[in-house]
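One letter stands for each residue in the lines below.
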Amino acid sequence: MKIYPQHIICKHCDSLYTRKSVRPGEAAYCPRCRAVLYRGSWLSLEQWFALTLTAALFFIIANVFPVLEIGFHGQSQAATLWQTAMALAHSYASPLAIPVALLMIVCPCLQILLLGWVLFHACRKKAAPGFASAMRLLAGLAPWSMAEVALLSILIAAIKLSGLVEITTGPGTWALLGLCLLLPVINHQDFQPLWTLKTLRGYRP
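Residues numbered from 1 in each chain as written. Predicted model: local features only at pLDDT ≥ 70, side-chain atom pairs only at ≥ 80, totals over all residues. Heavy atoms only, no water.

The chain is annotated in an unreviewed UniProt entry as Paraquat-inducible protein A of Rahnella contaminans.

See below:
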């Protein structure tokens, strides 16, 4: 199997083009359907890896520390993202527990781990073991990572409950906000330099 990183296929009309260099902030468009083919990245591999590590830190905080703390008549109860999914599993909405855990916790975690693995080796000027499989899995996970849905759900719940009980946002909420801001940045960079590195090092499926 051969890799052709110098070529790109439009996702909308399947037209094939030869990649041309673009400056940071600029974009290459498909002449046929005017869809965006790729954009020039502002980030170096090292900066990309640093942002991925920051996203990993935010993810850990969001899952270890409470996202909301509910106070009522002197008693308080705090919940993390994992505890929220477990609470769903023990309620009438138990069928939703697994999709919630997958979309809001497992998929973002896998994205960060896989991207960190690939970028760690790329910063050392070599392709990561299992590179092709990791890249395919990253592409498949992209539509299913929904940390922003978790944040929106938390905010809606906080607003609705604020008139009945005392609601306090925990460190997990702010970490989740940071994660929602970083995930689109690290997942929508141009992956072509990584494939080029793989081609230079040789490809073995």
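Structure's up, so let's keep going.
Further remarks concern a nonpolar patch on the surface. A contiguous nonpolar patch, built from Ile 60, Val 64 and Phe 65 and spanning about 290 Å² of accessible area, is present on the exposed surface. Relative to the assigned elements, Phe 65 resides in the loop between α1 (45-64) and β5 (68-72). Here Phe 65 falls in the partly exposed class, since its relative accessible area comes to 40%. (Patch = residues over 30% accessible without salt bridge, like charges linked within 9 Å, V, L, I, M, F, W, Y side chains within 5 Å. Areas by Shrake-Rupley, 256 points an atom, 1.4 Å probe, with all protein chains shown as cover. Salt bridge = Lys/Arg side-chain N within 4 Å of Asp/Glu carboxyl O. Helix = DSSP H or I, 4+ residues; strand = E, 2+ residues; numbered from the N terminus. Buried < 20%, exposed > 50% of the residue type's maximum accessible area, 1.4 Å probe, protein only.)

Here Ser 133 lies in helix α4 (residues 131-141). Exposure remark for Ser 133: the relative accessible area of 44% places this residue in the partly exposed category. Ser 133 sits 19 residues away from Leu 114 along the chain, and the two C-alpha atoms are 9.8 Å apart.

Let's shift gears to α1. Taking 1.5 Å per residue as the helical rise, α1 with its 20 residues ought to reach 28 Å, and the 29 Å between its terminal C-alpha atoms agrees with that figure. Three or more residues of α1 are buried, namely Trp 48, Phe 49, Thr 52, Ala 55, Phe 59, Ala 62 and Asn 63. Buried residues of α1, seen end-on, are gathered within an arc of 135° and therefore sit on one face of the element. (Expected span 1.5 Å × (residues − 1). Arc of directions from axis to C-beta.)

Moving on, we get to helix α3 (residues 97-122). Between its terminal C-alpha atoms α3 stretches 36 Å, which fits the 38 Å expected from 26 residues at 1.5 Å a residue. Considering bend angle alone, the principal kink of α3 is centred on Leu 103 and spans about 35°. (Bend = angle between axes of the 7 residues up to and from the residue.)

Attention shifts here to the state of the cysteines. In the structure shown here, the tally under the stated rule is zero disulfides. As a non-bridged cysteine, Cys 30 has Cys 13 as the owner of its nearest cysteine sulfur, 3.5 Å distant. (Disulfide = S-S within 2.5 Å.)

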